[in-house]
Amino acid sequence: MPERNSAYVELDGERLLMMSGYSYLGLGGDERVVAAAKAALDLYGTGAHGVRALAGSLPLHEELEAEVAKFAGRDAALVFGSGYAANVGTVGALCGPGDTVLIDKYDHASIVDGCQLSGATVTRFRHNDADHLDRRLQASDPAGLRLVIVDSVYSMDGDIAPLPALREVCDAHGALLMVDEAHALGVIGATGRGIEDHFGGSVKVDVKLGTLSKAIPSMGGWVAGSPELIQHLKYSARPFLFSAALGPAQSAAALEALRILEREPERVAHTQRESARLREILSAAGMRTGQSETAVIPLIAGSDESAYDYATACRKAGVVGLPVVSPAVPNTLARLRIAITARHSTEDIDVAAEAFLTAARQCRLIGS
Ligand code: PMP
């Protein structure tokens, strides 16, 4: 039987400590979330049976959108079938030919795909480099809309976008700023509200977007902003208009998990504390952990082969750390992508640290 409420998983009959999951708040398998999903199944059945604009809208969707808007500190929100759909739909609806979208080199693929759908000119700037963005904006066409998009937390490196500097540059050029909070919700900020919360709350973005499939253990994507923005997306975002609505069980699970996050901010604090501790132990022993500041910690091995070998050695030492290799990351920076969750106890983190270091010594990533 899988251990639904545990940081351990069973793989080929072996019990292993999972260190590469996305359930940052440890809510995957939470009894309250499961009960909410079951109640929605009993009430509505298994599907929404239509797009939102036709037969697919349920009162649950509106309840979820109101909760997302409240959580994000905005007046309105819209829920999509996935985070991927939210990005593609939002970029595609906001921009068109004659506009410019400026994206960080490491932005998620769904943002890149949204740019393609939009038909706008796309410009990339160097990762987390506000000065380079400034030069790119300087060179862009001021006649059209200019939309800057960054991930709040980068999923392969665990570093955070420099929000205050980006805001300043956007304001200087009259550009809009959009953030993808996929790995920030429940992870950064004192109450897990993401990048604005992380930087103290005074610097705001224009469009906030995220997913319900990581810290929130469900499916779906969301966008939060002004009522005008949300109204526009309702009538122009193609994945919203032309794809079936989020199912009832997934909507109810997401709603319950968001409410738990609001009631139990200690989950966020625990994950932040244990992430910092693990990062310190590993980097003090010589592991390369990049620029990580969050629950996502890359353990950089080097070549793709080194990353696979290191993953195998970790598994022998009792932990699952999943390799990320080229082309997802440069081929000299292949790594294990580690993520800490509220399900990991302090003792689990100590066990993980020991296993990662033992395996690293065997693979000669650090000295013995
Ligand atoms: N944005 C980012 C930064 C992501 O990492 C992901 C998923 N890996 C998505 C968007 C897409 O979210 P979903 O899986 O809910 O479609």
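That block above? That's the structure.
Residues numbered from 1 in each chain as written. Predicted model: local features only at pLDDT ≥ 70, side-chain atom pairs only at ≥ 80, totals over all residues. Heavy atoms only, no water.

Not every one of the 13 residues close to the ligand is listed here, only the nearest: Tyr84, Asp180, His183, Thr211 and Lys214. Within the side chain of serine 213, a nitrogen or oxygen atom sits 2.9 Å from an oxygen atom of the ligand. A distance of 3.1 Å separates a nitrogen atom of the ligand from a polar side-chain atom of lysine 214. The dominant element in the shell around the ligand, judged by the number of residues it contributes, is helix H4 (residues 83-94), at 3 residues. Its residues placed into classes, the shell around the ligand shows 2 nonpolar, 8 polar and 3 charged. (Near = heavy atom within 4 Å. Polar contact = N/O pair within 3.5 Å; in protein donor to acceptor, adjacent residues only side chain to side chain. Helix = DSSP H or I, 4+ residues; strand = E, 2+ residues; numbered from the N terminus. Nonpolar A, V, L, I, M, F, W, Y, C, P; charged D, E, K, R; others polar.)

On to the sheet that holds strand S13 (residues 334-339), then. Taken in spatial order, the 3 strands make up an open sheet running S10-S13-S12, and their pairing is antiparallel. The open sheet has two edge strands, strand S10 (296-302) and strand S12 (322-324), and neither has a second partner. For this sheet, the mean inter-axis angle between neighbouring strands, taken without regard to orientation, is 35°. Across 3 bridges, the pairing between S12 and S13 is antiparallel. Note that in S13 the partner of leucine 322 across the bridge is arginine 337. (Pairing = 2+ DSSP bridges. Axes fitted to C-alpha atoms, helices over the stretch in contact; angles between N-to-C directions.)

Attention now moves to the pattern of salt bridges. Across all of its chains, the model carries 21 salt bridges by this definition. Between arginine 259 and glutamate 63 there is a salt bridge, with its nearest N and O atoms 3.3 Å apart. Residue arginine 259 is located in helix H11 (residues 248-263), and its partner glutamate 63 is located in helix H3 (residues 59-72); the two are separated by 196 residues in the primary sequence. Residue glutamate 63 is classed as partly exposed on the basis of its relative accessible area, which comes to 38%. (Salt bridge = Lys/Arg side-chain N within 4 Å of Asp/Glu carboxyl O. Buried < 20%, exposed > 50% of the residue type's maximum accessible area, 1.4 Å probe, protein only.)

Another point: the side chain of arginine 335. Secondary-structure assignment places arginine 335 in strand S13. A relative accessible area of 2% places arginine 335 in the buried class. Only 3.0 Å separates the side chain of arginine 335 from the backbone oxygen of leucine 333, close enough to count as a polar contact.

Where H4 meets helix H9 (residues 227-236), the axes come as close as 10 Å, and the angle between the chain directions of the two elements is 100°. In terms of their interaxial angle, H4 and H9 are classed as roughly perpendicular. The segment H4 lies against H9, with Thr90, Ala93 and Leu94 engaging Leu229, His232, Leu233 and Ser236. Grouping the constituent residues of the contact of H4 with H9 by class yields 4 nonpolar, 3 polar and no charged. (Parallel < 35°, antiparallel > 145°, perpendicular 65-115°, else oblique. Contact = heavy atoms within 4.5 Å.)

Take it as geometry only, folks, not as evidence of what the structure does.
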